[in-house]
Every structure is written in structure tokens, then in C-alpha cells.
Amino acid sequence: MTRLSWFNTVSLTLGFAFLYIPMVILIIFSFNESKLVTVWAGFSVKWYGELLQNEAFLNAAWVTLKVAVMSSTIATVLGTMAAYVLVRGGRFLGRTLFSGMIYAPLVMPEVITGLSLLLLFIGIGLDRGVMTIVLAHTTFSMCYVSVVVSSRLVTFDRSLEEAALDLGCSAAEAFRLVTLPIIAPAVISGWLLAFTLSLDDLVIASFTSGPAATTLPIKIFSAVRLGVSPEINALSTIMIAIVTVGVVTASLVTKRQLVRQRRDEQNAERS
Amino acid sequence: MRRFILIAIPYAWLLALFLVPFAIVFKISLSDAAVARPPYMPQFDWVTGIGAFLAELDFENFTWLTEDDLYWKAYLSSLRIAVVSTILTLLVGYPMAYGMARAPSEWRPTLMMLVILPFWTSFLIRVYAWMGILSNEGLLNQFLIWAGLIDTPLTILNTNTAVYIGIVYTYLPFMILPIYSALERLDGSLIEAAEDLGCSRMEAFWLVTIPLSRAGIIAGCFLVFIPTLGEFVIPSLLGGSDTLMIGKVLWEEFFSNRDWPVASAVAVVLLLILIVPIVLFQRNQQKQQEADQ
């Protein structure tokens, strides 16, 4: 393709400005000396200091992290199993219901998912806390994991597995030695997706958490409802920084892998 | 045996934590307020049988929804907000997706990453970022006054305009990505052919590019429309007291009024409204998959 036309240049510039200016402003004002978020009064990192002393936020961050690690790990196991069953399982009783239940939570409004899980937990007399949030997050994120993993399973060559079986592997060995390494990138990105979804979730966590466990989004939401505060700006900046480093690193790693793969392919063709 | 376990574990999980909870919502939406007040226990007695169980249920809560203006207005205004913001997102997202697809191929991964990055950052924070910009003494008003465009600050925060801005901003990646993937696959020679055959650039765009990116446009619109309809965070942070959205109504019905049966009925009706777009979306996805093969 040739150079961008002026129209494309303008639409991309304006579009990315729209996407990034709010976040850049947020970051700049997190270093503002003033308590007022809209008036610049000089550079300061005092809000970061106050944030680090705010125990309610630190506790909530810890709970959020615990919930995210647990729920995304369980969701990855369950979601991978579900994807394997959907792609390789063949026919079984209630297959349509099963695949319906895998896709439905993806489009279900969060308020409904949250409400229904809360009613269940109350119905069976489960005390709300970290455990109930983990159960709730696992349920919706396993569906995302299974969509990601099954798209990888569909495209990979089944004969590799069959060859392993012919060469004397048990089914479990074939899965561990052949299938799992091939679908590993999808499993990892499924875990990351589940992890981010759990970190980010406000609505479902609000319904399923009790007074004993508050997650960071719930804390942020109740603070933000009262108005804009520089402490939240500092917290947001930290979160944006972590995500940016994570996403950029991940994309550099995949890029390097692609380059290496292409080089290997070229070498293979030459020889 | 092993296959059975493999199927049974995720199956049982989803039955217990997705289907059963939804059945409970459905049941409570048909119950009387007194029966369904916390602590709610599913009351089912095999002795008196299904007949008695069903006799207890009625549509009282649903009738209530039709009698009170609030719910009608909330559903209608949610639909309107969802439709308008889907169109706005398309108007902002299409030119961006088009520009990305036309960009030199070595730029594309970077542009893709720039679109995906906001998607990975917290939804709540992205909505929050607009609160400081849109408020009366916020940066947008400061800028407009400085530029001499207005004399008195505009009220944007706590209005529907702010809700539209918030929705377009947070859901933009969902619109761009499917359209971009449709446009990227588009064969450039088709446009050249159209131009050779006498189309102007605009005509080629309307007659060739738009129809060939239709699947992407439809997918993007559904991906924005469906979650927007039940949206809670954006209207409660950016919207005002006159912003009525059904997700917010459900939330308040549940947490402030503690009326569980009505909250459940609101949820059931919301789901009924969503069934149509969800089914259409799935059909579109299926068609696209078949076209790919």
C-alpha cells in the first residue's frame, strides 16, 4: 500500500487522540500538587504517598489480586476442559445445552449475572466473601477461556495427536506431550484474559461480595461517586502503567516468536 | 470413564452456577414479595406437588412493571441510548478501522496494539477519566472558554451527552476490531476494478467497500449494542438524574428498594429484549464462519 491519504491520516490522528488524551490527562493530574483535579498547581508525588498509606485501598487491592489469581486459574482449567469437550468430544447427551451455556454468559448483561448468582448464594446459605466472588468470576471467565482455546483447537492438526497415540502414548500422555504444548499460547492468553476480566469487574463483584471482602473496583466506584479525587488519579496511573508494561511486553514476545518462526521456515525451505 | 469426567466437571459447574441461578431469578420474578424476601429459600414440596407450586406463582410483578411509568421509560430510554450510541460508535470507529486497513502493513501491528491497549485498561478508570474532563470547571470547558468559543461553561457531566461520550469511548475497540478484520481481508483490486469501470472514489466506497465490510459492521454494532443495553457503570457515573437506563434501575431496585421480585422481573424482561439481538448476532457469526471456510 502507498502512503496514507489525508483523510485516513486525519481520522486516525483524531481517533487515537480521542482514545488517549483522557488517559494522558489522568496521568498528568495524578502528579498535581493541588487537591483540585482541574487546576494545575505544580508537580508533586504526594498523592502516591497518601495512596500507599491508605489501608482500605491496599486491602482491597490484595483481595482483588487473590480473587483474580484464583478465579482465572480455575477458569483456565475448566475452560480448557470445556473447549476440548466442545471440539473433540463428539456427540453426547445435552451437547446443545452445554454449548449454549458456554456462549450465553458472554452476552449476558452483568447486572443479571450478578443478581442471579447472589440469589443462588443466599438460597443455599453461602456466606458472601472472597469465595463467592471467586465462584462468580470463574463462571463467566471460563466461557471466555473456552472460546479462546477452542478457536486454537479447531485449527490444529488432529493427526499429530493420533500419531502420538499410535506411538504408544496414553490419551493423557498425548494430551500432555502433544496437545497442550500446541495450544499453550491460547491457554496462556485465556488465563490473561480471565485475569484482566476479574481485576476489572465491578458489577458482578458488587452483587456477590459481602461486607467481609471488598475488591478494588468496588472501592474505586464508591470513592469516584463522590467526585473526582487526586488519590484515584494516582491509583489509575499505577494501574495503567502495569497494564501498558504487560501488554507491550507480551506483544514484543509474540513478535519475536513470529520473526523466529519465519526465519525457521525460510531456513527449512532453503535446505 | 475419563471422557465422562471431562464432560461432567465443566457441565456441572455451568449448570450449578449459570442455569440454576437463572431459574431462581425466574422463579422469584413470579413470586409474591412476602415469599421472596430475604432470606429466600426455594419452596418446593414434592408432597403437595407441582400443581400447588405453580398455583403460588403469578405475573403480579410483571403487571406491576407495565403499570408504573418508570419501567416503560427506562426500557425505552435504554433502547434509545443503545441505538444512538451504537450509531455514533460506528461513525467514529469506521473511519479509524478504514485508516488502519489502509495503513502500510508494517504499521498495522502497532496500530492494532494502540486500539487494544485501552481495552485491557480498567473500564471503570476509563469512564472516570471523563469525569474530570466534562465537569463544569473541567478541562473541556476551560479549553472552550480559552479558545473563545463559549462564554459560560457548558453543562455536560450528568447529562445524556456525557453518557454517549462515555459509551463511544469505552466501546470503540469493540467496533473497530471486527470492521478492521473485514476491511483488511478486502481485495484492493476490486476497488481498482470499480474505478476502472467508471466509478468515482466515493461510488467505489459505497458500492464496493461498504457492502464487503458488512459482516464486520454488523458484528461491531452488536458488540456495542448488546452490552450497552444493560450498562450500569456509565450512566451512574456520567449520567444525570434524568438518565434512565434499565441496568441502573435494576441495581437501585435491588440495592436501594430491596424489592427482589421486581428486580428479578426487570431482569427477565431485559433478557427477553436481548434475545432478539443475541440470536441475530449468533446467526451473523455463523454465516461469517461458513464464509471463511
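Residues numbered from 1 in each chain as written. Chains lettered and ligands numbered in written order. Predicted model: local features only at pLDDT ≥ 70, side-chain atom pairs only at ≥ 80, totals over all residues. Heavy atoms only, no water.

A.B. asks: I would appreciate a short explanation of the UniProt feature "transmembrane region" (unreviewed entry) in chain A in the present structure.
C.D. replies: Residue and element names in this part refer to chain A. In the numbering used here, UniProt assigns the feature "transmembrane region" (unreviewed entry) to residues 12-31, 67-87, 99-124, 130-154, 174-194 and 232-253. Within the segment residues 12-31, helix and strand shares are 90% and 0% respectively, and the terminal C-alpha atoms sit 29 Å apart. Along residues 174-194 one finds 100% helix and 0% strand; the C-alpha atoms at either end are 26 Å apart. (UniProt positions renumbered as here; feature names shortened; annotations may be inferred. Helix = DSSP H or I, 4+ residues; strand = E, 2+ residues; numbered from the N terminus.)

A.B. asks: For this particular structure, what's the right way to read helix 4 (residues 60-67) of chain B?
C.D. replies: Counting along an α-helix, one turn takes 3.6 residues, and residues three or four places apart therefore face a common direction. Here helix 4 of chain B has its buried residues at Asn61(B), Phe62(B) and Leu65(B). Considered in projection along helix 4 of chain B, the buried side chains sweep an arc of 100° and stay on one side of the axis. (Buried < 20%, exposed > 50% of the residue type's maximum accessible area, 1.4 Å probe, protein only. Arc of directions from axis to C-beta.)

A.B. asks: When you look at the confidence of the model for chain B in this model, what are you seeing that I'm missing?
C.D. replies: As a note on interpretation, predicted positions should not be read in detail where pLDDT is low. Of all residues in chain B, 90% attain a pLDDT of 70 or more, and the chain-wide mean is 85. Interface confidence for the predicted complex, given as ipTM, is 0.86, next to a pTM of 0.87. (pLDDT = per-residue confidence, 0-100.)

A.B. asks: Can you help me understand the packing of aromatic side chains in this one?
C.D. replies: Each pair of aromatic rings is reported with the distance of its centres and the angle of its planes. For the coordinates displayed, the defined rule picks out 29 aromatic pairs over all chains. Relative to Phe255(B), the ring of Phe207(A) has its centre 4.9 Å away and its plane inclined at 40°; by these criteria the two rings are tilted. In this pair, Phe207(A) sits in helix 9 (residues 203-208) while Phe255(B) sits in helix 14 (residues 246-255), so the two residues belong to two different chains. With relative accessibility at 28%, the residue Phe255(B) sits in the partly exposed group. Their ring planes at 45° and their centres at 5.7 Å tell us that Tyr171(B) and Phe174(B) sit as a pair that is tilted. With Tyr171(B) and Phe174(B) both in helix 9 (residues 160-184), this residue pair falls 3 residues apart, about one helical turn. The exposure class assigned to Tyr171(B) is buried, which follows from its relative accessible area of 6%. Phe174(B) gets classed as partly exposed once you look at its relative accessible area, which sits at 27%. Put simply, the rings of Phe207(A), Phe221(A), Phe232(B), Trp251(B), Phe254(B), Phe255(B) and Trp260(B) touch in pairs and so form one group of aromatic residues. (Phe/Tyr/Trp six-rings, centres within 6.5 Å; stacked < 30°, edge-to-face > 60°.)

A.B. asks: For this particular structure, what's the right way to read the environment of Thr121(B)?
C.D. replies: Along the chain, the position of Thr121(B) falls in the loop between helix 6 (108-120) and helix 7 (123-134). The buried category is assigned to Thr121(B), whose relative accessible area is 3%. Look past the residues within four positions of Thr121(B) in its chain and what remains in contact with it is Met23(A), Asp200(A), Ile240(A), Val243(A) and Arg126(B). A distance of 2.7 Å separates a polar atom in the side chain of Thr121(B) from the backbone oxygen of Pro118(B). (Contact = heavy atoms within 4.5 Å. Polar contact = N/O pair within 3.5 Å; in protein donor to acceptor, adjacent residues only side chain to side chain.)

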